[in-house]
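Chains, contacts and geometry: an overview
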Amino acid sequence: MDLSALLLSLIPSWTSVAMILLFFTYLAIVGSLLPGKVVPGAVLSDGTRLHYRCNGLLSLIVLVFLLGIGGWMDFISLTAIADRGLELLSTTFVFSVFMTFLLYITGYNSRSQSSSLKPRVTGNFIHDWWFGIQLNPQFMGIDLKFYFVRAGMMGWLLINLSVLANCIQVTDLSRSMILYQIFCVLYILDYFFFEEYMTSTWDIIAERLGFMLVFGDLVWIPFTFSIQGWWLKDNEVELTTAAVVANCLVFLIGYLVFRGANKQKHDFKKNPKAHIWGRPPKIIGGKLLASGYWAIARHSNYLGDLLVALSFSLPCGISSPVPYFYPIYLFVLLIWRERRDEARCAQKYKEVWAEYRYLVPWRIFPYVY
Ligand code: NDP
């Protein structure tokens, strides 16, 4: 594709605007209507807690079912997303920018003193717009932070499925495409199955909602995490059986560490006496977990996520660095995030964190300081 064709395909059409608006409207409606476990969030600095309705899995299943029926009855094209990838990317980008200006204005004018809505304004416009002003802005009772990350994860799956539909139409499915699709489906379904764990993550409890998060959730997650799928659509890779087995092992080990570590921390926060791997947990200062995966390395959950990310790219072989964009980006992001979280925890837990560091000196990777 030459440059002018590329630029032309980035121009949003009314169809792509309608697709994006329908998607967000659907999510807002089913998010409020469908049943789901209501989970209390972290205790905020003013002692209050938000409550999150975790009905993402049901919302996703209903959506995929409706799209499947629509495609089967020829009401919609299942390849519509794959056909309009760049347009949808630019439309979502414009939507994110628009959203974050709205968030900036409402946050700036908020008079609320609650921890969720109190404006934190530095006066530097770029900083406030980028990092956000309010911790948990809401719209018509919807917690926007939780809603946007849900939209991003679902968008990623929809893109993948549409790319898959496109491949099925034009060619035989390769082992690589099947592996990539299976790993992503499992990871995304897992996210929604354990959606309540999201309520205790750094993004939800500590980050304000500004361009960084909105862009990350709505544009970055769906459009860059799916790069391997787009790449496999246009490139052929022959995987040996040994490569398939090795790839499955990387995914499995990564998944076990990722899910296990996040689950252990989540269970610990709810019930500090909950057994870890069949034994009472080792607790530091009554606050920090130093058992299970959290004794192997600080933030071992990041290690699991990195292995899973690598397993998404390995089906693409090693002929090009392009499909490795996601694991490389995640590596940089998680190293940076671990350092920021480390500083936050050191300030919050003081000598208790120092003791944890002494007991578990490794960061993300065992035996790496
Ligand atoms: P964590 O879920 O690890 O949350 C960090 C917080 O956990 C800390 O601030 C602290 O919070 C608490 N904590 C840390 N160590 C301990 C301990 N030993 N015992 C008890 N509590 C502890 O980090 P994230 O929210 O960054 O990540 C969650 C998941 O999301 C990870 O698996 C990560 O890989 C994934 N992720 C994926 C991304 C992607 O792009 N694919 C991007 C970002 C994250 P407190 O003050 O409450 O104690």
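This write-up is about the structure you can find in this document. Please read all numbers here as calculations on a predicted model, not as lab measurements.

Cut-offs and rules
- Residues numbered from 1 in each chain as written.
- Predicted model: local features only at pLDDT ≥ 70, side-chain atom pairs only at ≥ 80, totals over all residues.
- Heavy atoms only, no water.
- Helix = DSSP H or I, 4+ residues; strand = E, 2+ residues; numbered from the N terminus.
- Rg over C-alpha atoms; globule rule 2.2 N^0.38 Å.
- Contact = heavy atoms within 4.5 Å.
- Buried < 20%, exposed > 50% of the residue type's maximum accessible area, 1.4 Å probe, protein only.
- 1 Å grid on protein atoms, 1.4 Å probe; cavity = no way out; pocket = protein on both sides within 12 Å on 5 of 7 lines; lining within 4 Å.
- Points joined across faces, edges and corners; volume = space filled by probe spheres on them.
- Nonpolar A, V, L, I, M, F, W, Y, C, P; charged D, E, K, R; others polar.
- Core = buried A, V, L, I, M, F, W, Y, C linked by side-chain atoms within 4.5 Å.
- Salt bridge = Lys/Arg side-chain N within 4 Å of Asp/Glu carboxyl O.
- Phe/Tyr/Trp six-rings, centres within 6.5 Å; stacked < 30°, edge-to-face > 60°.
- Lys NZ or Arg CZ within 6 Å of the ring centre and 35° of its normal.
- Near = heavy atom within 4 Å.
- Polar contact = N/O pair within 3.5 Å; in protein donor to acceptor, adjacent residues only side chain to side chain.
- Areas by Shrake-Rupley, 256 points an atom, 1.4 Å probe, with all protein chains shown as cover.

1. Things to note about the overall build of the protein
Broken down by element type, the protein carries 16 helices and six strands. Computed over the C-alpha atoms, the radius of gyration of the protein is 21 Å, within 12% of the 21 Å expected from 2.2 N^0.38 for a compact globule of 369 residues. Dimensions of the protein, computed from C-alpha atoms along their principal axes, come out at roughly 60 × 55 × 40 Å. Of all intrachain contacts in the protein linking residues separated by at least 6 positions in sequence, the fraction that spans at least 24 positions is 75%.

2. Things to note about the environment of R339
By secondary structure assignment, the location of R339 is in helix 15 (residues 325–349). Overall, the relative accessible area of 41% leaves R339 in the partly exposed class.

3. Details of the layout of surface pockets
The computed volume of the second largest pocket comes to approximately 870 Å³. Around the second largest pocket, the lining comprises 31 residues; the ones closest to its centre are M19, L63, L67, I81 and L158. Looking at the lining of the second largest pocket, the elements with two or more residues in it are helix 2 (14–33), helix 3 (56–72), helix 4 (80–83), helix 5 (85–109), helix 7 (144–170) and helix 10 (211–224). Top contributing element to the lining of the second largest pocket by residue count: helix 7, with ten residues. Taken together, the residues of the lining of the second largest pocket sort by class into 25 nonpolar, six polar and no charged.

4. Focus on the nonpolar core
Membership of the largest hydrophobic core comes to 79 residues, with the highest contact counts inside it found for F148, M153, W156, Y187, L218 and F312. With 15 residues, the single largest contributor to this core is helix 7. In this structure L218 touches F24, T92, F95, S96, F148, A151 and F223, once residues within four positions along its chain are discounted. Core analysis: the second largest hydrophobic core is formed by 16 residues, A261, L288, W294 and V352 among them.

5. Things to note about the environment of P119
Residue placement: P119 occurs in the loop between helix 5 and helix 6 (125–131). With relative accessibility at 21%, the residue P119 sits in the partly exposed group. Sequence separation of P119 and R337 is 218 residues, and the distance between their C-alpha atoms is 24 Å. Those residues in contact with P119 that sit more than four places away from it in its chain are G107, S110, S112 and I133.

6. A look at the pattern of salt bridges
Counting across every chain of the model gives 13 salt bridges. One salt bridge connects D267 with K263, and the closest N-O pair in it is separated by 2.7 Å. Separated by four residues within a single helix, D267 and K263 lie in helix 12 (residues 241–270), roughly one turn from each other. Three or more residues joined by partner-sharing salt bridges are found here, namely K37, E196 and K270.

7. Re the packing of aromatic side chains
Under the defined criterion, the tally for this structure stands at 38 aromatic pairs. With 6.0 Å between their ring centres and 90° between their planes, F93 and F215 make a pair best called edge-to-face. Separated by 122 residues along the polypeptide, F93 in helix 5 and F215 in helix 10 bring together distant segments of the chain. Sitting above the plane of the W336 ring, R340 keeps its charged end 4.5 Å from the centroid.

8. Quick word on the site of the ligand
Taken together, 28 residues lie around the ligand, and W202, K269, Y302, D341 and Y349 are the ones closest in. Here a nitrogen atom of the ligand sits 3.2 Å away from a polar atom, N or O, in the side chain of Y326. In the complex, 91% of the free accessible area of the ligand, which totals 920 Å², lies under the protein chains. At the level of secondary structure, the elements contributing two or more residues to the shell around the ligand comprise helix 9 (202–206), helix 12, strand 6 (288–289), helix 14 (300–313), helix 15 and helix 16 (351–359). Top contributing element to the shell around the ligand by residue count: helix 15, with ten residues. Grouping the amino acids of the shell around the ligand by side-chain chemistry returns 17 nonpolar, four polar and seven charged.

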